[in-house]
Each structure stands twice: as C-alpha cells, then as structure tokens.
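Residue-level listing of the chains:
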Amino acid sequence: MDLDLLLDGLSWALLLIGSAFAIVGGIGLLRMPDVYTRMHAASLTDTMAPMCILGGLMIQGGFTLVSAKLVIILLFLLFTSPVAAHALSAAALAQGHKPLLARPDGGMELKEVDMPLTEDAEPGK
Amino acid sequence: MVHAAGLGLSMYILWLLLSGHYVALLLSLGAISCAFIVWIMHRMDTIDHESFPLHMTPRGLGYFPWLVWEIVKSNWSVAKIILSPGLPISPTMVTVKATQRTDVGRVTYANSITLTPGTLSVHMEGDEIVVHGITRDGAESLKDGDMDRRVSRLEGFVR
C-alpha cells in the first residue's frame, strides 16, 4: 500500500463527506418550517461542507501555495459566515418575523419575542 | 508598536502567500504597500489590541481545534434531525450570559455560538446573548457555560 493511494482515498472521502453535508443542508433548507430553523440547516453548508471539501482539496494540493490559499479561504469563510448569519437573523427579528417556538406540550406555535432594540439598531435611523 | 509590527508582518506574509512571485521588484512593492497601510492605520489610530488581537493568538491555537470538534459533533446531530422523517425539532430561545470582559471576547463567543450548527445568536444586549436553538436540549446545553468559560480563558485574564 503506497502513500499516494492512501492520501487520494482520504481526500476523496473528505470530498464526498463534504458534498453529502452540503446536500443534507439543502434538504434541511426545504424541510424546515420557518426562517430561523432554516438558518440552522443552512449552517451545515456553511461549516462542515467547506471544512471537508477544502480539506480534501488541500490533500490533493499537497504542501504548496495552492493549499496555503485554501487555508486562507477556509479561515475567511469561518470568520465571516457567522457574522452574516447573525445579521440575517437580527434583521428578520427586527422586521417582526415571529419565530416558531416549541410549547411545553410538544407542539409548536408562532411567538412574539420581546426584543428591545438598541438605539443604533432602530429601523429607519 | 508591537501591534503595528505584528500587523505589518502578518500582512506581508499574507501578501507573499497570495502572490507567489518572488522577484526583487515585486517583493519590494509588496513591502511598500504593507508599510503604507500600517502608516494609514496608525494615522487613523485604529491599531490596538482590538483590531489586531495579538494577545489571543497563542491561546486561540488551543481553542480552535476544540471549536472545530464541537462543530463536527453538532453538524452530525443537526444532519440526523434533518434526515429523520418526523423532523424532531423543538425550537427554543434562551438568554445566555457572556462573562467575557472585552468586546473582542464577546464577539468571539457569539460567533462561536453561531458557527456551531443548531444554535444561532440572534441578539446581544450588554452581556446577554439571545440564542435561538433548533432543539430545546441544544439550547439549554449552552447554559452550563463550557464554551463561555473557554472563550473567557482565551481572553487571558487571570481568574
């Protein structure tokens, strides 16, 4: 068993796992009932999918500048995507999208959430 | 001064990695651009521990693998929820306390919460973060404060 074959297999496995998680994230986006739960599904495609796919590509690239660039891309993604997710959810809440929340008896209902807006987050300012 | 030097150095390393051309003319052009940007940021007075959290870097190297492992674990559980036919979700909103002392620390904590699938930081008021969780258990598990403690340790104050 030579090393090249092992690395190739590992990289292929990572690529396939990443693609699988991206697809599952897409399915979740369609299945979830409201904005906030859909964002949870979308965060699968934000985190696990790029981590695995870029990891697999790094193994293909070897110890080169290409891999360094892939590391930088991954870091930028991991630093910026939560900021975008937070902005999206805060905007949805500020626009009055009521989240679907679980009741103690197991059902779910739309609930008004009391969210005091900070001064600079007031819409129209 | 340490921050300015560190900023310039890390920008130059980034430039070297992205360019890939190592001839004298391009190397010096890159050095000039980096020095120019450090000078502009110095004039704007934006070089400090906040824009360039140098003090968090060594501890961050320990925190990051832990966070990646948490991300992998919660990815697995959210994927299982999505693929199970009954869609067993119980969306819950909880308020968690952020015990970090600096803004950088609080942002790191809120971003870590969002980055972990299944929990999403929706709103922040003072030292309280409003979190939307896809299951009740997932949202409540934040309250035991394991991640909070780790981010606080990242800040480096002795406690």
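Residues numbered from 1 in each chain as written. Chains lettered and ligands numbered in written order. Predicted model: local features only at pLDDT ≥ 70, side-chain atom pairs only at ≥ 80, totals over all residues. Heavy atoms only, no water.

Short version of the rule: UniProt positions are given in the numbering used here, feature names are shortened, and annotations may be inferred rather than shown by experiment.
The name given to chain B in an unreviewed UniProt entry is Multisubunit sodium/proton antiporter, MrpE subunit, with the source organism recorded as Caenispirillum bisanense. Under the Sequence similarities (unreviewed entry) heading, UniProt states for chain B: "Belongs to the CPA3 antiporters (TC 2.A.63) subunit E family."

Chain A has the name Multisubunit sodium/proton antiporter, MrpG subunit in an unreviewed UniProt entry, where Caenispirillum bisanense is given as its organism.

Concerning helix α3 (residues 57–83) of chain B
The condition is simple: Counting from the N terminus, the helices are the DSSP runs of H or I reaching at least four residues and the strands are the DSSP runs of E reaching at least two. What a helix should span is 1.5 Å times the count of its residues minus one. A residue's bend is simply the angle between two axes: one fitted to the seven residues ending at it, one to the seven starting at it. We call two residues in contact when some of their heavy atoms are within 4.5 Å.
Over its 27 residues, α3(B) extends 38 Å from the first C-alpha to the last, a length consistent with the 39 Å expected when each residue adds 1.5 Å. Of all the bends in α3(B), the greatest, near 30°, is centred on B:Y63, and the proline B:P65 appears no more than four residues after it. Residues of α3(B) that are buried in the fold lie against α1 (3–31), α2 (35–46) and α3 (48–61) of chain A together with α4 (103–115) and α6 (146–155) of chain B.

Digging into the sheet that holds strand β2 (residues 119–125) of chain B
The test is simple: Should DSSP find at least two bridges between two strands, the strands are regarded as paired. To obtain an axis, a line is fitted to C-alpha atoms, over the contacting stretch when the element is a helix, and the angle between two such axes runs from 0 to 180 degrees between their N-to-C directions.
If you trace the three strands from one edge of the open sheet to the other, you get β1-β3-β2 (chain B), paired in antiparallel fashion. Each having just a single partner strand, β1 (92–97) and β2 of chain B make up the two edges of the open sheet. If you compare each strand with its neighbour and ignore which way they point, the axes differ by 30° on average. Sheet topology note: the β2(B)/strand β3 (residues 128–133) of chain B ladder contains six bridges and is antiparallel. Its bridge partner lying in β3(B), B:E125 is registered against B:E128. Packed on one face of the sheet, helix α4 (residues 65–94) of chain A meets β1 and β2 of chain B and runs near 65° to β2(B).

Description of the pairing of β2(B)
The test is simple: Using a 1.4 Å probe on the protein chains alone, a residue whose accessible area is under 20% of its type maximum counts as buried, one over 50% counts as exposed, and one in between counts as partly exposed.
Burial of β2(B) is extensive: five of the seven residues sit out of reach of the surface. Between β2(B) and β3(B), which pair antiparallel one after the other, the connecting turn spans two residues, and B:G126 there sits at a positive phi close to 60°.

Focus on the interface of chain B and chain A
Heads up, the rule is: Buried area, as used here, totals the accessible surface that two parts lose on assembly, with accessibility defined by a 1.4 Å probe and the loss added over both. Should a side-chain nitrogen of Lys or Arg be within 4 Å of a carboxyl oxygen of Asp or Glu, the pair is scored as a salt bridge. In protein, a polar contact means a hydrogen-donor-capable atom and an acceptor-capable atom, both N or O and within 3.5 Å, with residues adjacent in sequence counting only if both atoms are side-chain atoms; elsewhere, any N or O pair within 3.5 Å suffices.
Each side of the interface is counted separately: chain B has 40 residues, and chain A has 43 residues. Each partner contributes to the roughly 3400 Å² buried at the junction of chain B and chain A, and carbon and sulfur atoms together form 76% of this total. Linking chain B to chain A there are zero salt bridges. Counting across the chain B and chain A interface gives eight residue pairs in polar contact (both at pLDDT 80 or more).

What about the domain arrangement of chain B?
Heads up, the rule is: Start and end points for every domain follow an automatic or database-based domain assignment.
As assigned here, chain B comprises domain 1 (2–43) and domain 2 (58–155). A separation of 35 Å is found between the C-alpha centroids of domain 1 of chain B and domain 2 of chain B.

As for the pairing of β3(B)
Residues and elements named next belong to chain B. In terms of burial, β3 is a largely internal element, five of the six residues being buried. Note that β1 and β3 share six bridges and pair antiparallel. In the sheet register, K97 faces β3, and the bridge partner there is E128.

Focus: the nonpolar core
Stated precisely, the cut-off is as follows: To define a nonpolar core, start from buried Ala, Val, Leu, Ile, Met, Phe, Trp, Tyr and Cys residues and group those joined through side-chain atoms within 4.5 Å.
The biggest cluster of nonpolar side chains holds 39 residues, and the ones touching the most others in it are A:M32, B:V96, B:Y109, B:I113, B:I129 and B:M147. It is α3(B) that contributes the most residues to this core, eight residues altogether. Sequence-distant contacts of B:M147, that is, excluding residues within four places in its chain, are made with B:Y63, B:W66, B:L67, B:Y109, B:S112, B:I113 and B:T116. A:M39, A:L93, B:M93 and B:L120 belong to the second-largest nonpolar core, a separate cluster that totals 10 residues.

Remarks on the pattern of salt bridges
Residue and element names in this part refer to chain B. A full pass over the atoms with the stated rule returns five salt bridges over all chains. Close ionic contact of K97 with D127 constitutes a salt bridge, the shortest N to O distance being 3.8 Å. In this pair, K97 sits in strand β1 while D127 sits in the loop between β2 and β3, placing the two residues 30 residues apart along the sequence. You can call D127 partly exposed: its relative accessible area is 32%. Across the salt bridge formed by K97 and E128, the nearest N and O atoms sit 3.7 Å from each other. Of this pair, K97 sits in strand β1 while E128 sits in strand β3; the two residues are 31 residues apart in sequence, bridging distant segments of the chain. Taking relative accessible area as the criterion, K97 reaches 48% and is therefore assigned partly exposed. Judged by relative accessible area, E128 falls into the partly exposed class, the value being 36%. One connected set of salt bridges, linked through shared partners, spans K97, D127 and E128.

Let's talk about the UniProt feature "transmembrane region" (unreviewed entry) in chain A
All names here are of chain A. In the numbering used here, UniProt assigns the feature "transmembrane region" (unreviewed entry) to residues 12–32 and 44–66. A distance of 30 Å separates the end C-alpha atoms of residues 12–32, which is 95% helix and 0% strand. Structurally, residues 44–66 is divided into 83% helix and 0% strand, and its ends, taken at the C-alpha atoms, are 25 Å apart.

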